[in-house]
Each structure stands twice: as C-alpha cells, then as structure tokens.
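# Fold and geometry: a report
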Amino acid sequence: MRSTRIIAAVLSLTLIAGAAVPFGSYAPSFSLTASAEEEKTVSSDDLTFTVFADHAEVSGINNEGLTKCSIPASVNKLPVTGIAENAFYFAEKLQEVTIPASVTAIGDNAFSWNLQLRSIKVDSGNKNFADVDGVLFNKAKDTLMTYPAGKTDKLYTVANTVKKIDSFAFLLSQNLESVTVPASVSYIGQEAFCSSPKLKSVTILNPECDFEISCFICNGKDDKGNSYYSGTITGYEDSTAEQLAADNNYKFNALPKPVTTTTTTTTTTTTTTTTSTTTTSKATATSTTTTSKATATSTTTTAKATATSTTTTAKATATSTTTTAKATATSTTTTAKATATSTTTTSKATATSTTTTAKAPATTTTTKPAEPKYILGDVDGNGAINAVDASIVLQYYANTSIKKDGGLTKEQVTAADVNKDGKADAVDASIILSYYAYCGTTHGKVMTFAEYVQKNYVK
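What comes next is a walk through the structure. (Residues numbered from 1 in each chain as written. Predicted model: local features only at pLDDT ≥ 70, side-chain atom pairs only at ≥ 80, totals over all residues. Heavy atoms only, no water.)

### With respect to the overall build of the protein chain
- On a plain count of helices and strands, the protein chain comes out with six helices and 25 strands.
- By residue count, 39% of the 459 residues in the protein chain fall in the buried class.
- Look at the contacts in the protein chain between residues 6 or more apart in sequence, and 51% of them connect residues 24 or more apart.
- For the protein chain, the exposed surface amounts to about 26700 Å²; the carbon and sulfur share of it is 51%. (Helix = DSSP H or I, 4+ residues; strand = E, 2+ residues; numbered from the N terminus. Buried < 20%, exposed > 50% of the residue type's maximum accessible area, 1.4 Å probe, protein only. Contact = heavy atoms within 4.5 Å. Areas by Shrake-Rupley, 256 points an atom, 1.4 Å probe, with all protein chains shown as cover.)

Next up, the structure:
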C-alpha cells in the first residue's frame, strides 16, 4: 500500500505544473530496500515499523486520513529508537506528531510534504531532540531541524541559541511570509527555504553566514520550470547575504554596518595616612586644645604640679563657616613633668565678614529645536519608514539581548514596537522591512504603515 501511494505521489509531482504550491529543485529520495534477514515489518492501525533484533523504527504510515499521531515508545517489546527517512512523506492530512523519549535518530525529510502539519511535539525526557512551539530542534536547541509546513504563523524569528539551520528546514512552508535569522546562525543548509509560496522576506544578521549552496530559497517556478525568488533578502553591507543576493539576482536591502562602542572604566583610590607623634620633656607646661573641621592637629599637654589655673573666654562677633575636609591627621602628645604655673592668655578677637558681589554676564536665550515626531515604524523620526528604521530596531534588539543599553528613548521604543507585543525586537524589524519592500514594489496607491500592519499581521 505504501509503495502504491509513493508511486502516485511521484506521478502527481510530475503533473504539477503551475500548481498552487510551487516547489524547487528538491526531489525526495526513497528507501524501498527489501527486507533483510535480520529485520521484519510490523504494522499497527496507523504506522508501519521495521523491527530489528534490539530495536524498531517507524518506516511509514498506513492511515492516509491520519490527523494526529503519537509514536509509541515500543513495538513487540522493543524500543522505537528511530524515524526512517521519508517516513511520513505525503501524509496530506497529518497535523500533529508526538515523538517519544525513546527516539534517538530521525531520518532526512521524515516529515516532508506534510502540508498541513502544524506541530511536532517531543517528549521532555528525550535526550536527543526537543521542540519549541511545535518546531523541531536538537536537544541543545542550537540546530533547527524542521519547521512544520502547515504552521499558521506569518512571521518567525529564529532563536538566538541556534547556530545551524538544517537543509530543507523550512521546505514548503505554506503560510510563512517573513523569517529573521539572528547573528548566532553561522550555517544555513541546502534549500532550507525552498518552495515556500508566501515567503517575501528573509533577514540574515550574521554578515559571515555560510550557505550549503548559493541558491537556498525560492517561492515559485517560471514557465521553463526554473525556480525563482521574488521576495527580498536583508543583511549587512559587504556580507555573505549580499553576495548571495547578487549571485542569484535577488532584491537586497542593505543594513548599515553596526557601530561598535568601547567603554573604558577608570577607578581612582585615595589613601589617608595618620601619623602619631609623642614628645616627652621636663618643663613648664601650657595646656591648649584646638578643634578644626579641616586638617586637624590635636595637642594635649599634661602638667603634674601645684598650679593656678586661669580660663579665658574669647569673645568674638563672627560669621560662622563650616568647612569639611578629608586630610592627614597628625596627633601630638606632650607630657611635662615639673612644678608649673598654667597661664592662659586672653585675647579679644573681632571677625570681619566681607561679601563680594560679582556682576553676572548677560543671559543668551537659545530656541530649542523641535523634537522629532516618532510615529509607528518611523523609529528615527525622519518621516519615512524604511530599512534604516529596521536597522535601528535590530541594533536595539542586539544590545538589549546582552543586557546593554539599547540607545533608544521611550518614544522610539514605542514606535519600534509595531506589533504591539510590549517589546522591540527582530520581529518588529522584519515587519518594517516587509513594508519597505511592499512600498518599493507596489504601483498605485500605497497603504499607510498602520493599515499594512492591520491587514497583514493582526489576527
């Protein structure tokens, strides 16, 4: 039954000329090897398994009307450890697949031509694979393996944990219009974005991203059967993305090269030293105590004797000024042993307060220029919505992702958050680029940015 269905599928591919779903140069391979002595085939109501001595693999489907499939963890008491190449090929009604923890290997194009597949779920206990919102990744989530072709989202931003996008990862995506690939991605596999009919914008933020082959994206075929891409690629000037666009005659939106800012921090340390000096002498001693809020000298004299003590108070008319200073403090102690008379001299001090009035210079009044008006999408406030605004949003997103200052005012962040999800990120930049491309390719009346967002991105 499976071989009959595959032959029918191949014939249908041959006959699809100008069909609703365009496709590229991708031709799926088939594994129709005869059963070897050490293996046998076992079937359930929905799936076919190849059973080996110590494990089993999913090899195909039996139910063409299958919409949801939960792969069992074992068959004939043997663990199901693999999903074979093309195992779910052309399961036209399949919408959801759940992969158990036992699966350790998934063959190439295992879920190809599943045009209604919206979600690939992975058991959290699986040690090799994981999913994020229905998209299949390896366990470390640094390789994006399969984006379900029937997923309904129009926009997708690849997570910045991803370093590699597998070949055919976004093949035949039916609804995707815009994809943003972060700077973390250093490799994009063969035909990763091919045969995606609605795809209009791919943004690649790694200026040195490596591509498996020069042509990895298409959204249609011409009369001669040649694949083409009618959308735009966005990337930095002098990047591999720009070279790829030039090699394939794609429309390219150039982003200004990012500016690198270096911050230097200087730390100054001040050390305060306290010196204590003690002098002992035999003499007549005078006791004096001085207190100052500045550089402070403390002198204490102790006299051991029969003495007359006279205290004098200095009376002064003064202006009181308080000065606080940090300084080196010197403490001197003098001890005098003798028969002494302690005498204190009385002085009358008069404090003079002098006030000097300086004549202030003339005041010059400068008229402050009008602040730029930041409307939705116009992040630089120059009255136009274009690739420059997208570049500003991307730079802000890159900085804030690593806990740096994004460099935008509150008003600019509001203007940048075009999808109104409370954050300015690569998704917003992608929408701005998509509108910019729309304006450049539309003849006649052009929608306002607000109208464009409402029509295309508000569900």
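### Description of the sheet that holds strand 10 (residues 129-132)
- What the six strands build is an open sheet, ordered 10-11-12-14-16-18; its pairing is mixed. Only two strands of the sheet have a single partner each, and these edge strands are strand 10 and strand 18 (210-211).
- Sheet topology places strand 12 (residues 143-146) next to strand 14 (residues 164-165); two bridges connect them, and they run parallel. Residue pairing in the sheet places T143 in a bridge with K164 of strand 14. (Pairing = 2+ DSSP bridges.)

### Some points on the packing of helix 3 (residues 387-401) against helix 5 (residues 426-441)
- Closest axis-to-axis distance for the helix 3/helix 5 pair is 8 Å, and the angle between their directions is 170 degrees. It follows from the interaxial angle that helix 3 and helix 5 lie roughly antiparallel. Along the contact surface, helix 3 presents A387, D389, A390, V393, L394 and Y397, while helix 5 presents A426, D428, A429, I432, L433 and Y436.
- A breakdown of the residues in the contact of helix 3 with helix 5 according to their chemical character gives 10 nonpolar, no polar and two charged. (Axes fitted to C-alpha atoms, helices over the stretch in contact; angles between N-to-C directions. Parallel < 35°, antiparallel > 145°, perpendicular 65-115°, else oblique. Nonpolar A, V, L, I, M, F, W, Y, C, P; charged D, E, K, R; others polar.)

### Here we look at the sheet that holds strand 4 (residues 68-70)
- In space, the three strands of this open sheet follow the order 4-7-9, with parallel pairing throughout. Edge strands, defined here as strands with exactly one partner in the open sheet, are strand 4 and strand 9 (119-122). Sheet twist, expressed as the average angle between the axes of neighbouring strands with direction ignored, equals 10 degrees.
- Of the strand pairs in this sheet, strand 4 and strand 7 (residues 96-99) are connected by three bridges, and their pairing is parallel.

### Some words on the packing of aromatic side chains
- Counting across every chain of the model gives 10 aromatic pairs.
- Consider the rings of Y156 and F170, whose centres lie 6.0 Å apart with planes at 55 degrees: the pair is tilted. Pair noted here: Y156 is in strand 13 (residues 155-157) and F170 is in the loop between strand 14 and strand 15 (178-181), with a separation of 14 residues, a long-range link.
- Exposure remark for Y156: the relative accessible area of 14% places this residue in the buried category.
- Cluster of aromatic residues (ring-pair linked, three or more members): Y147, Y156, F170 and F193. (Phe/Tyr/Trp six-rings, centres within 6.5 Å; stacked < 30°, edge-to-face > 60°.)

### As for the nonpolar core
- In terms of nonpolar packing, the biggest core is built from 31 residues, with I165, F170, I188 and F193 touching the most fellow members.
- Elements with a contribution of two residues or more to this core: strand 11 (135-138), strand 15, strand 17 (201-204) and helix 2 (240-248).
- The dominant element in this core, judged by the number of residues it contributes, is helix 2, at three residues.
- Once you skip the residues sitting within four places of it in the chain, I165 turns out to touch L144, V158, F170, V181, V185, Y187, I188, G189, A192 and F193.
- By size, the runner-up hydrophobic cluster in this structure holds 30 residues, among which are F49, V58, C69 and A87. (Core = buried A, V, L, I, M, F, W, Y, C linked by side-chain atoms within 4.5 Å.)

Everything listed here is a matter of geometry and, on its own, says nothing about what the molecule does.
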